[in-house]
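Summary of the model geometry
Each chain, written out:
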Amino acid sequence: MLLAVPVAVLAGLVSFASPCVLPLVPGYLGYLGGMSGGLSGGLSGGSSGTASSGGGLRVGATIPPGGLATTERPAAARSRLLLGVGLFVAGFTLVFVLFGVLAGSVGGWLAQYQDTVTRVLGVVVVVMGLGFLGLVPFLQSEKRLHLAPRAGLWGAPLLGVTFGLGWTPCIGPTLAAILTLSLDGGSAWRGALLAVAFCVGLGLPFLLVALGLESSTRALGFLRRHRLAIMRVGGAMLVVLGLALVTGVWNDWAHWLQGLFTGDDGFTPAV
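Residues numbered from 1 in each chain as written. Predicted model: local features only at pLDDT ≥ 70, side-chain atom pairs only at ≥ 80, totals over all residues. Heavy atoms only, no water.

1. As for the overall build of the protein
Counting secondary structure elements, the protein contains 10 helices and two strands. Along the protein, helices and strands appear, N-terminal first, in the series α-α-β-β-α-α-α-α-α-α-α-α. Within the protein, contacts between residues at least 6 apart in sequence are counted, and of these 76% link residues at least 24 apart. Accessible surface for the protein amounts to roughly 12600 Å². Of this, 68% is attributable to carbon and sulfur atoms. (Helix = DSSP H or I, 4+ residues; strand = E, 2+ residues; numbered from the N terminus. Contact = heavy atoms within 4.5 Å. Areas by Shrake-Rupley, 256 points an atom, 1.4 Å probe, with all protein chains shown as cover.)

Printed below as a string of structure tokens:
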């Protein structure tokens, strides 16, 4: 668990920087600001971002040079925007936690076949990683569900649920890796915890950008410029994780890390 949690957070960050999510961040935040009443008249004065659904949801917004939140915006409006974004994050967290609980529960039922299941799922994670590296063409297609909840703060968590359900095929490689670790643990609680860690990595950048911090705006620009490299690094990480699961090295790493905290730091590689 000590090793799986930081891996899950990193997987969430990689998902945020993916082409599925990053280009749509300004549009989502602009839409959430309009839903929650945190923005009046939209956002203006900077680089633009648009998310469209081909006839369903179409949201567009622009980012001011200083970020999404400016000194001219009333504090109450900013608070409502942050609340809307928080509810949006809570919405997709609920979806992914349910996925994690399900994966952990199924892992418990398959405990007697844990070694075989872990190795098979390790192969799946390797394939997903190769997809992130651009080496598996059919994994490059994007399938999404688009719905547009009505305005109001209550619509923000519904939009989050829609994001969680609709974008699952798009961020599938990283999510699949986390669900594999949940299955490997064979515990619903472990699955829920890893899903929460994944959502921290995916959701925290949304909140930082909504705060309008200058550093978060620069970071968003950096991620845009280097998103291909980030995808490749994320893909390589998934391939390494998958190979570790296939060979059994993952369990050795986990036991070694646990030993560092318990005083028993013996490490015997499986291969």
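2. Description of the nonpolar core
In terms of nonpolar packing, the biggest core is built from 50 residues, with F16, V21, F88, F96, F198 and F206 touching the most fellow members. No other element matches helix α7 (residues 188-211), which puts eight residues into this core. Ignoring anything within four residues of it in the chain, the contact list for F16 reads V21, L22, V25, L202, P205, F206, L220 and L223. (Core = buried A, V, L, I, M, F, W, Y, C linked by side-chain atoms within 4.5 Å. Buried < 20%, exposed > 50% of the residue type's maximum accessible area, 1.4 Å probe, protein only.)

3. Examining the packing of helix α3 (residues 75-109) against helix α5 (residues 155-166)
Contact geometry for α3 and α5: axes closest at 7 Å, N-to-C directions at 40 degrees. Taken together, the axes of α3 and α5 are oblique relative to one another. Here the hand of the crossing between α3 and α5 comes out right-handed. Here G84, L87, F88, G91, F92, V95, F96 and F99 of α3 come into contact with α5, specifically with A156, P157, L159, G160, V161, F163, G164 and L165. Broken down by class, the residue content of the contact of α3 with α5 amounts to 12 nonpolar, four polar and no charged. (Axes fitted to C-alpha atoms, helices over the stretch in contact; angles between N-to-C directions. Parallel < 35°, antiparallel > 145°, perpendicular 65-115°, else oblique. Left-handed = near helix turned anticlockwise from the far one by under 90°. Nonpolar A, V, L, I, M, F, W, Y, C, P; charged D, E, K, R; others polar.)

4. Overview of a nonpolar patch on the surface
Taken together, the side chains of V196, V200, L204, L208 and L211 present a nonpolar region at the surface, about 360 Å² in accessible area. Structurally, V200 can be placed in helix α7. (Patch = residues over 30% accessible without salt bridge, like charges linked within 9 Å, V, L, I, M, F, W, Y side chains within 5 Å. Salt bridge = Lys/Arg side-chain N within 4 Å of Asp/Glu carboxyl O.)

5. Describing the environment of V123
The topology assignment puts V123 in helix α4 (residues 114-132). V123 sits in the partly exposed class, given a relative accessible area of 46%. Residues V123 and L245, spaced 122 residues apart in sequence, show a C-alpha to C-alpha distance of 8.2 Å.

6. Looking at the packing of α3 against helix α6 (residues 172-185)
For the pair α3 and α6, the least separation of the axes is 7 Å and the interaxial angle reads 40 degrees. When the axes of α3 and α6 are compared, the pair comes out oblique. Considering the relative orientation of α3 and α6, their crossing is right-handed. Contacts between α3 and α6 involve F96, F99, G100, A103, G104, V106 and G107 from the first element and L175, L179, S182 and L183 from the second. Its residues placed into classes, the contact of α3 with α6 shows seven nonpolar, four polar and no charged.

7. Examining the packing of aromatic side chains
Tallying each qualifying case throughout the model produces 10 aromatic pairs. For the pair F92 and F163, a centre-to-centre distance of 5.3 Å together with 50 degrees between the ring planes defines the contact as tilted. Of this pair, F92 sits in helix α3 while F163 sits in helix α5; the two residues are 71 residues apart in sequence, bridging distant segments of the chain. We classify F92 as buried; its relative accessible area is 0%. On the basis of relative accessible area, F163 is assigned to the buried category, the value being 1%. (Phe/Tyr/Trp six-rings, centres within 6.5 Å; stacked < 30°, edge-to-face > 60°.)

8. Considerations on the confidence of the model for the protein
Do not read the predicted coordinates in detail wherever pLDDT is low. Per-residue confidence for the protein gives a mean pLDDT of 74, with 70% of residues at or over 70. The weakest mean pLDDT in the protein belongs to strand β2 (residues 58-62) at 40; the strongest belongs to α7 at 92. Below a pLDDT of 50 lies the segment residues 39-73, which in the model reaches 80 contacts outside its immediate sequence neighbourhood of four places, other chains included. The model gives residues 143-148 a pLDDT under 50, and that stretch makes 22 contacts with residues more than four places away or in other chains. (pLDDT = per-residue confidence, 0-100.)

9. Let's talk about α4
The terminal C-alpha atoms of α4, which comprises 19 residues, lie 26 Å apart, in line with the 27 Å expected from a rise of 1.5 Å per residue. Turning to α4, its buried residues are T118, L121, G122, V125, V126, M128, G129, G131 and F132. Here the buried face of α4 lies against α1 (4-16), α6 and α9 (227-247). The first or second residue beyond α4 is G134, which carries a positive phi of 85 degrees. (Expected span 1.5 Å × (residues − 1).)

10. Let's talk about the environment of F16
Structurally, F16 is set in helix α1. It is 9.5 Å that separates the C-alpha atoms of F16 and L204, two residues lying 188 residues apart in sequence.

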